[in-house]
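Single-letter residue listing:
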Amino acid sequence: MNVRVRAWLAQWGPMLPLLLAEGVLWVGFGALLPILSIYFVEHGVDLPMLGVVVAAWPAARVVSEPAFGWLADRVSRRLMMIIGLLASAVFAVMPLFLLGPAAFIAARLLAGLAAAMYDPAARGYIVDANPPEKRGEAFGLYNAAQMAGFMLGPAVGGITVAIVGDPTIVFWVAGVSLVASALLVALRVPELGHARESVKAAVAVEPDDGAIPVEARPSRLLNSLLIAGLALNVGAYFASGTYEVIWSLYLTSLGASV
């Protein structure tokens, strides 16, 4: 085996089960995404209400994710991930059994709450599992696993629907993917203690070799860097949310198959 590959596996091998679980999770989410709007419209949701139904999932996350983030700093992150994934699996298939706009909104709200439980715990776990100088790279790998799953998901969903002939199969694909991710976390992701790092006060230090001195981290959660990141996320997800509601319906109106 190549020396570089061995070195990479030595560094990131313990994180691979979590990365794999993340990829599998997003395969299910991606498989569901192209069908969701079409399915809701076919079951009595008009276009104005469709926006509300689709928005229920991120709305639940907006409200609950700060609380789950606070909780993830105080309890087992691994347990939170497992519970969040299993709950997500249940709520992913819920629209197959409870029909109508109100039921769909409830299902999406509950799915959003479950996702809000999982994600801060997973990101906190990455912090616990890696030293500060490796965390940027770790989050890069984590996001790459997300995008790999998200890239494969719509193709998996479309091909599965074509083979089975029933669009509702993608809800089961999503549910099974979430259960598989929960099993991966339960069986292969070890429990870790929370990383506790003291925040040092800013101290002016003269560079002794011409290097730029490292600035102290913000002492408060509410700071300009975080606010800038929040503003960027709001803009990006406003655009992507609008896109997700309309795209499948637009392609269908042009005669595209699933």
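Residues numbered from 1 in each chain as written. Predicted model: local features only at pLDDT ≥ 70, side-chain atom pairs only at ≥ 80, totals over all residues. Heavy atoms only, no water.

Student: How should the pattern of salt bridges be read in this particular structure?
Tutor: Opposite charge on two side chains permits them to pair, given that their charged atoms come into close proximity. Per the counting criterion, the structure on display carries 5 salt bridges. Ionic pairing is found between R61 and D119, a salt bridge with its closest N-O pair at 3.3 Å. Here the residue R61 occupies a position in helix α3 (residues 47–72), and D119 occupies one in helix α5 (residues 101–129), the gap between them amounting to 58 residues. Owing to a relative accessible area of 10%, D119 belongs among the buried residues under this scheme. Where R77 meets D128, a salt bridge forms, and the shortest distance between an N and an O atom there is 2.5 Å. One end of the pair, R77, is in helix α4 (residues 77–93); the other, D128, is in helix α5, with 51 residues separating them in the sequence. As far as burial versus exposure is concerned, R77 and D128 are alike and both buried. One salt-bridge network, held together by shared partners, links R61, E65, D119 and R123. (Salt bridge = Lys/Arg side-chain N within 4 Å of Asp/Glu carboxyl O. Helix = DSSP H or I, 4+ residues; strand = E, 2+ residues; numbered from the N terminus. Buried < 20%, exposed > 50% of the residue type's maximum accessible area, 1.4 Å probe, protein only.)

Student: Would you mind going over the environment of L79 with me for this structure?
Tutor: Following the sequence through the fold, L79 ends up in helix α4. C-alpha of L79 to C-alpha of V185: the two residues are 106 residues apart in sequence and 9.0 Å apart in space.

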